[in-house]
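Structural overview for review
The primary structure of each chain is shown beneath.
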Amino acid sequence: MNKLFEFLSMAFLLLMLNAVLLLTGCAVDSHFDPSLSKSSRNYERGLVDSRASRQVVVRSQIELLFGGGGTSKRLAEQAPPGSLPSLDEEVWVIVKPKRTAQPTKTDDIPGSGVLMCRIPVNNVITNVALPLSHTDVAVSISAYIASVEVTQEFHNPYDEKIEAVYVFPLPQNAAVNGFIMTIGERKIRGIIREREQAQRIYNEAKRQGYVASLLTQERANIFTQHVANIEPGKRIDVNITYFHTLTYDDGWYEFVYPMVVGPRFNPPGSTQGVGSVARGRVGISGQQTELQYLSPNERSGHDISLAVDINAGVTIEEINSVNHKINVSREMSEQMRVELDPNDAIPNKDFVLRYRVAGDQVKTALLTHRDPSGGGGYFTFMLYPPQDISNRPRQPMEMIFVMDCSGSMSGQPIAQSKDAVRHALGCLEPQDTFQIIRFSNSTSQLGRQPLPATAKNVRRGKQYVANLSGGGGTMMIKGIKAALDFPHDPERLRFVTFLTDGYIGNESEILAAVHDQLGSARVFSFGVGSSPNRYLMNRMAKLGRGAVAYLSLNDDGAKVMDNFFHRVSQPVLMDITIDWGNMRVADVIPARTPDLFVGRPVIVTGRFDGDDPTTIRIKGRTAQGIVEASFDVNPIDAANEHRALPAVWARNYIAQLVDRATYDANVELPQQITEIALNYNLMSAYTSFVAVDSKTRTAGDRGTTVNVAVPVPDGVRYDTTVRSDGTH
Amino acid sequence: MRTLAPICIAALLAVTIVCAQDDVQSVRFDAIDVYVQTGDRPLAAYQLDLSAAKGDVTIVGIEGGQSEVFTAPPYYDPAAIQNDRVIIASFSTAAADALPRGKVRIATIHVQIVGDIEPEYDATITVAATVDGEPIDAELILETGPTQ
């Protein structure tokens, strides 16, 4: 009797605990499927909180209530080591067969349905089977707006159904507003939902065996694709559409399609970053988002096809691809088709296409789109600077070079960076001053304060740069503080130039620091390498009221820096204001117009009302004083209808809100971002696309999650950037 | 006291289980096939407005129709979809003899249903027209089918 009383008392205590957990939404689900055994019901269908302590409590409940933890204990041991389910994520019991989840045949035999590739390394063949077989990118460019369709082909090479998870990049200013899941001949358009709601829908559909897909945003330029219940041998395609504006630089338009996310450094103690781990090492980084990388002797077989149709509106004089081989066909002087060469289809470097248009034909231009429901529309205004102002005197500069010397920069990236800075030092004039700061795990600098750009000091600076090398972590925040947190010389323009690949996971902290400590300085960012973090580069330049440039592995560092330096050292106009005349404008982005540099137009977007032609007046400051310019425009020019403009404006508006969130703790900002994203059908950090095929329910309630591993970017060392040993 | 304690514990156990079951609602998925009966008139364009009049329904996908001209999944009104109201439209510029007629499936709406209340839908074809823009007096038919 005493023992019975003890047992009942213990049960009572556990029930009380269960009641508490129920109230907090973390208890084991009691909506049972009577066809399952009790232990597997509770373990398989429960919603488990991600915190380890609650997992332990739930397991203990199971073990105590159902007579010892034999079954559930075995099931728990089979869970991937170190894997922690995220909040509201269902725990799937992965009952592994005798063999691991690999194809039954190890040879690449036609008809096996397994994508593998043989890489002989020291006579060792390494085959890797992954569920992403191909990505197709179709681009249409009109004026300076690109419309892009990305089709990801997922298939299941295994003998049991799977969930495929793929982390991939898109341009940081992409307005993602379309999502279609294709199963055979059937196409299902996904619905934009609040992120948590979309996740719940997807989880439930996955649990019940339906084919479903979910697209989430981890950063402005990093997304995760989930596709659930892909049956053996079956294929499911996911099509994503987005719009974005091109960059224009000194006569050249540039279109970029990023292909791989570079391995990120996350400061010690962070968990909200982007982890970089070896293939199969799930969860060892401890980061919220995690990428798996193929080792250098592995190849997945995933390849990419890409085609760009350009309608520039003006004659295209020259075109080239920075990192890839391309095939070009010209239809008219203003139209061209560019295709990625099939022999250069490994997705391990950004596709960067540059084309030059006839310089004297490019003018300041207004593009508009009228809202079909009436009541105004959307516009973008591109302000072009004069082509050359080198004959004008310039103000002395205080040039601060901040050089990333972390492990990911070692090798060719830092060599490029050093070439660029050495060349820039040679461009300084005697009235300028300069400082060189290096950062990796810590920072150090050339001198205690900026040095006058005398010949002797410039030689000293070049020698300092020549001795730099890559290694260690990426504590960029220390570099920012060292560059901005010292007294500013009021007689000089302070220009801070960062040279980095941007492979960090704490972008928000960096951007907040730039905003908080900028003062009257200007920040210029140089993205170095084959796949730099363009989101960070562009945002630093934007918040820093400067400009961005990119230095790929195939670029001439000295030449790129030469163009960049001569442009930024002499702004055409600073502190710009715009009078829109008869156009009644609202929600103009950016709220504060950036400085205008030679060869780099300023693009402003917003909403407008008004039908009448008008004169737009620009006013700004130069070294010689205040100057003004005016432009006659007709906002209701039917030839200028661009259906992408509403999405482009909304995306820019969201970006502005996100930027504000890095330094403004306004609790309403997430809700504002969510409302805009939902109203314009846009992806954001708070909204996701979800699609469920409710007509087809796959057999079984178990599945294996397979993460699509990717190659490290071209030129990046795997051994210094990817974690494989489980240590932090 | 020792006799009373187990009874209290058992009662608490029963109450807890019942409360837990009440808090967890059933979730299922379904598909609504939307048909338009045009008679012998060729259908070139349509606009559909559909929402749930009864039940807890969330739209989770919009699929294109059966005919080649309506295979592409139509765009939806983003503001309306947040209230789980589907407003979709599609049109084709194909020749009349290539257009579907009779009972035509124009779209399939995939939904998630929470709870045990059987949904009821309000649906209206606000536009149905031929290639010449002539309106069609079309009948709207909704069918929900079993999962394959």
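Residues numbered from 1 in each chain as written. Chains lettered and ligands numbered in written order. Predicted model: local features only at pLDDT ≥ 70, side-chain atom pairs only at ≥ 80, totals over all residues.

**Some thoughts on the pairing of strand 9 (residues 210-219) of chain A**
Residues and elements named next belong to chain A. Going by this rule: Exposure classification rests on a simple neighbour count of other C-beta atoms within 10 Å of a residue's own: a residue reaching 20 or more is buried, one at 12 or fewer is exposed, and one in between is partly exposed. C-beta atoms are placed from the backbone. Helix and strand definitions follow DSSP, with helices as H or I runs of at least four residues and strands as E runs of at least two, each counted in order from the N terminus. The pairing criterion for strands is at least two bridges between them, as found by DSSP.
Across the ten residues that make up strand 9, a large majority, nine, are buried. Two strands pair when backbone bridges link them, and strand 9 and strand 35 (residues 687-697) are joined in this way by six bridges, in the antiparallel orientation. Bridging from a neighbouring strand, Val 211 pairs with Asp 693 of strand 35. Summarising the sheet, strand 9 and strand 10 (residues 222-230) pair through seven bridges and their orientation is antiparallel. When the bridges of strand 10 are listed, Thr 216 appears paired with Thr 224.

**Quick word on the sheet that holds strand 4 (residues 145-155) of chain A**
The criterion, for reference: With axes taken as lines fitted to C-alpha atoms, and helix axes fitted only over the stretch in contact, angles between N-to-C directions fall between 0 and 180 degrees. Residues are defined as contacting one another if the C-beta atoms placed from their backbone atoms lie within 7 Å.
The twelve strands lie next to each other as 18(A)-19(A)-16(A)-3(A)-4(A)-11(A)-6(A)-7(A)-3(B)-5(B)-1(B)-7(B), forming an open sheet whose pairing is mixed. Strands at the two margins of the open sheet, each flanked by one partner only, are strand 18 (326-332) of chain A together with strand 7 (139-144) of chain B. This sheet shows a mean twist of 20° between the axes of neighbouring strands, independent of strand direction. The sheet contact formed by strand 18 of chain A and strand 19 (residues 335-340) of chain A spans six bridges and is antiparallel. In the strand pairing of strand 19 of chain A, A:Met332 is matched with A:Gln335. Taken strand by strand, helix 12 (residues 645-663) of chain A contacts strand 4, strand 6 (175-183) and strand 11 (235-245) of chain A, and its axis lies near 115° from that of strand 6 of chain A.

**Side note on the packing of helix 9 (residues 507-517) of chain A against helix 10 (residues 534-543) of chain A**
Residue and element names in this part refer to chain A. The test is simple: Should an angle fall under 35 degrees it is taken as roughly parallel, and over 145 as roughly antiparallel, whereas 65 to 115 is taken as roughly perpendicular and any remaining angle as oblique. Note: crossing handedness is left-handed where the near helix turns anticlockwise from the far helix by less than a right angle, and right-handed where it turns clockwise. The residue classification treats Ala, Val, Leu, Ile, Met, Phe, Trp, Tyr, Cys and Pro as nonpolar and Asp, Glu, Lys and Arg as charged. All others, Gly included, are polar.
Their axes nearest at 9 Å, the elements helix 9 and helix 10 cross at an angle of 15°. When the axis of helix 9 is compared with that of helix 10, the two are roughly parallel. The hand of the helix 9/helix 10 crossing is right-handed. Of the residues in helix 10, those in contact with Glu 507, Ile 510, Leu 511, Val 514 and His 515 of helix 9 are Tyr 535, Leu 536, Arg 539, Met 540 and Leu 543. Its residues assigned to classes, the contact of helix 9 with helix 10 shows seven nonpolar, one polar and two charged.

**Remarks on helix 11 (residues 557-568) of chain A**
In an α-helix, one full turn covers 3.6 residues, which means residues spaced three or four apart are oriented alike. Note the following rule: Expected span, for any helix, means 1.5 Å times one less than how many residues it has.
For helix 11 of chain A, which comprises twelve residues, the first-to-last C-alpha distance of 16 Å matches the rise-based estimate of 16 Å (1.5 Å per residue) to within 8%. For helix 11 of chain A, the elements touching its buried residues are helix 6 (412-427), strand 27 (493-500), strand 28 (522-528) and strand 29 (548-551) of chain A.

**Observations regarding the packing of helix 6 of chain A against helix 7 (residues 455-466) of chain A**
Residues and elements named next belong to chain A. Relative to each other, helix 6 and helix 7 sit at 175°, their axes nearing to 10 Å. When the axis of helix 6 is compared with that of helix 7, the two are roughly antiparallel. Across the interface between the two elements, Lys 418, Val 421, Arg 422, Leu 425 and Gly 426 from helix 6 touch Val 458, Gly 461, Lys 462, Val 465 and Ala 466 from helix 7. For the contact of helix 6 with helix 7, the per-class residue count stands at five nonpolar, two polar and three charged.

**Focus on the nonpolar core**
All names here are of chain A. Counted only if it meets this: A set of buried residues qualifies as a nonpolar core if it consists of Ala, Val, Leu, Ile, Met, Phe, Trp, Tyr and Cys joined through C-beta atoms within 7 Å. Throughout the structure description, domain borders are defined by an automatic or database domain assignment.
Core analysis: the largest hydrophobic core is formed by 212 residues, its most contacted members being Ala 164, Phe 401, Met 540 and Val 690. Tallying contributions element by element places helix 12 first for this core, with nine residues. Two domains each put at least three residues into this core: domain 2 (132-356 + 681-707) and domain 3 (397-568). Look past the residues within four positions of Ala 164 in its chain and what remains in contact with it is Pro 131, Leu 132, Phe 154, Val 227, Ile 230, Val 706 and Val 708.

**Here we look at the domain arrangement of chain A**
Residues and elements named next belong to chain A. The domain architecture assigned to chain A consists of domain 1 (2-77), domain 2 (132-356 + 681-707) and domain 3 (397-568). Computed from C-alpha atoms alone, the centre-to-centre distance between domain 2 and domain 3 is 31 Å. In this assembly, 25 residues from domain 2 lie in contact with 21 residues from domain 3. A per-class count over the side of domain 2 that touches domain 3 returns twelve nonpolar, eight polar and five charged.

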